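# A look at the structure
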Amino acid sequence: MTTQSDDIEDSAAPLIEHLAELRTRLIRAVIAFFIAMCLCFFVAEPLLDILVQPIADVLRARGEDPRLIFTAPQEKFFVLIRISLIGGLGLSFPVIAHQLWRFVAPGLYKSEKNAFLPFVIASPLLFLAGAAFAHLVVTPLAMNFFIGFSDAVPALASLIAGEDVAPVVDTPANDELRTVFLGSVRESLDLSLKFIMAFGICFQLPVLLTLMGKAGLVSAAGLKNVRKYAIVGILVLAALVTPPDVITQVILFVVVYSLYEVSILLVARVERKRLARLRAEGLLDEDEEL
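Residues numbered from 1 in each chain as written. Predicted model: local features only at pLDDT ≥ 70, side-chain atom pairs only at ≥ 80, totals over all residues. Heavy atoms only, no water.

Which entries qualify depends on this criterion: UniProt positions are given in the numbering used here, feature names are shortened, and annotations may be inferred rather than shown by experiment.
An unreviewed UniProt entry lists the protein chain under the name Sec-independent protein translocase protein TatC, with Pacificitalea manganoxidans as the source organism. According to its UniProt record, the protein chain has this under Function (unreviewed entry): "Part of the twin-arginine translocation (Tat) system that transports large folded proteins containing a characteristic twin-arginine motif in their signal peptide across membranes. Together with TatB, TatC is part of a receptor directly interacting with Tat signal peptides." What UniProt states about the protein chain under its Subunit (unreviewed entry) heading is, verbatim, "The Tat system comprises two distinct complexes: a TatABC complex, containing multiple copies of TatA, TatB and TatC subunits, and a separate TatA complex, containing only TatA subunits. Substrates initially bind to the TatABC complex, which probably triggers association of the separate TatA complex to form the active translocon."

## Some points on the pattern of salt bridges
Rule in force here: Throughout this description, the term salt bridge denotes a Lys or Arg side-chain nitrogen within 4 Å of a carboxyl oxygen of Asp or Glu. Only DSSP runs of H or I with at least four residues qualify as helices, and only runs of E with at least two residues qualify as strands; both kinds are numbered from the N terminus onward. Note on exposure labels: buried denotes an accessible area under 20% of the residue type's maximum, exposed denotes more than 50%, and partly exposed covers the range between, all computed with a 1.4 Å probe on protein chains only.
Inspection of the entire model under this criterion finds six salt bridges. The salt bridge partner of Glu21 is Arg25, with a shortest N-O separation of 3.6 Å. One end of the pair, Glu21, and the other, Arg25, are both in helix H1 (residues 2-42), four residues apart, so they sit about a helical turn from each other. Assessed through its relative accessible area of 11%, Arg25 is described here as buried. Between Arg82 and Asp190 there is a salt bridge, and its shortest N-O distance comes to 2.2 Å. Of the two residues, Arg82 sits in helix H4 (residues 75-104) while Asp190 sits in helix H6 (residues 185-202), which places them 108 residues apart along the sequence.

## As for the environment of Val270
For clarity, the threshold we go by: Residues are treated as being in contact if the distance between any of their heavy atoms lies within 4.5 Å.
Considering the arrangement of structural elements, one finds Val270 in helix H10 (residues 246-280). Taking the C-alpha atoms as reference, Val270 lies 9.4 Å from Leu211; in sequence the two are 59 residues apart. If sequence neighbours within four positions are ignored, Val270 has contacts with Thr210, Gly213 and Lys214.

## Brief notes about the nonpolar core
Heads up, the rule is: To qualify as a nonpolar core, a set must consist of buried Ala, Val, Leu, Ile, Met, Phe, Trp, Tyr and Cys residues joined through side-chain atoms within 4.5 Å. Marked domain ranges trace back to an automatic or database domain assignment.
The biggest cluster of nonpolar side chains holds 26 residues, and the ones touching the most others in it are Leu48, Ile83, Leu189 and Phe199. Counting only elements with at least two residues in this core, the list comes to helix H2 (44-51), H4, helix H5 (110-161), H6, helix H9 (227-241) and H10. Looking at which element gives the most residues to this core, the answer is H6, with seven residues. Formed jointly, this core draws a minimum of three residues from each of two domains, domain 1 (13-107) and domain 2 (123-165 + 191-282). Residues within four places of Ile83 in sequence aside, it is in contact with Ala44, Leu47, Leu48, Leu51 and Leu189.

## Description of H6
Note the threshold: For a helix, the expected span equals 1.5 Å multiplied by the residue count minus one.
Between the first and last C-alpha of H6 there are 26 Å, a value that for 18 residues agrees with the 26 Å anticipated at 1.5 Å per step. Taken together, the buried positions of H6 are Val185, Ser188, Leu189, Asp190, Ser192, Leu193, Phe195, Ile196, Ala198, Phe199, Gly200 and Cys202.

## Quick word on the environment of Leu252
Residue placement: Leu252 occurs in helix H10. When the C-alpha atoms of Leu252 and Val138 are compared, they prove to be 8.3 Å apart, with 114 residues separating the residues in sequence.

## Some remarks on a nonpolar patch on the surface
Note the threshold: Patch construction takes residues with relative accessible area above 30% that form no salt bridge. Like charges are linked within 9 Å, and nonpolar side chains (Val, Leu, Ile, Met, Phe, Trp, Tyr) are linked within 5 Å. Note on areas: these come from Shrake-Rupley sampling with a 1.4 Å probe, and a residue is covered only by the protein chains present in the view.
Taken together, the side chains of Ile27, Ile31, Phe34, Ile35, Leu39 and Leu91 make up a nonpolar region of the molecular surface, amounting to roughly 590 Å² of accessible area. The leading source of residues in the nonpolar patch is H1, at five residues. One can find Ile31 in helix H1. For Ile31, a relative accessible area of 45% translates into the label partly exposed.

Rendered as structure tokens:
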């Protein structure tokens, strides 16, 4: 009876230790996130200016006042809080990833650590590349389309009616009813962040497919065989996450499809390494394939 109790206690001890370590890692990650969020709150105003810069550039190009409005007294405060949360998560991500790695690494073999670590580094870098691409390329195109849509529809109607299209002069004597863009900071920021998140996630495609290739869930030959379906899926994705602007959709399609082709090359490289290792271990003959 005593031996059985000792066995139970010995088997439970590692679980308690793992839970205690997990709690320690989570506490450190939360503290790092809270500190980073507080730091980002002090620079949230400049970050807001950077995020809405594409809209301001479009408005300046149209000769309009590059200002956004608040529709509620508390709107700006919560906008800055949202920026602080997202910025704090990005700033504290290295610490969070390090804590996660310190918790998982003891249970991995050395070869598994060497294989997994590059993906931990590549994932945030690819997300930053996707976010930068969205902010510098996609968002200006999208804002130019959406804001300019208010002028495109009346001009098209005038062309259909056979009337001369002349620019509307914004003067007090002009009594014609027209729509004016008075952008809300919250709505404009939400649209910019949606583009950033969408492209940041799309840029994770090589990491995701390469990890699936390492796990044996996908193969380079399989990815090549479903290439035509991938093209259709990417086209649908481009139509959903971008405005109805052909140029923006083509840009997204070219970028994501290029990442898909890069993923095929990475998966093929993983398969070649696995094949060479199995042959070196004598598990496969020289003329055998996976």
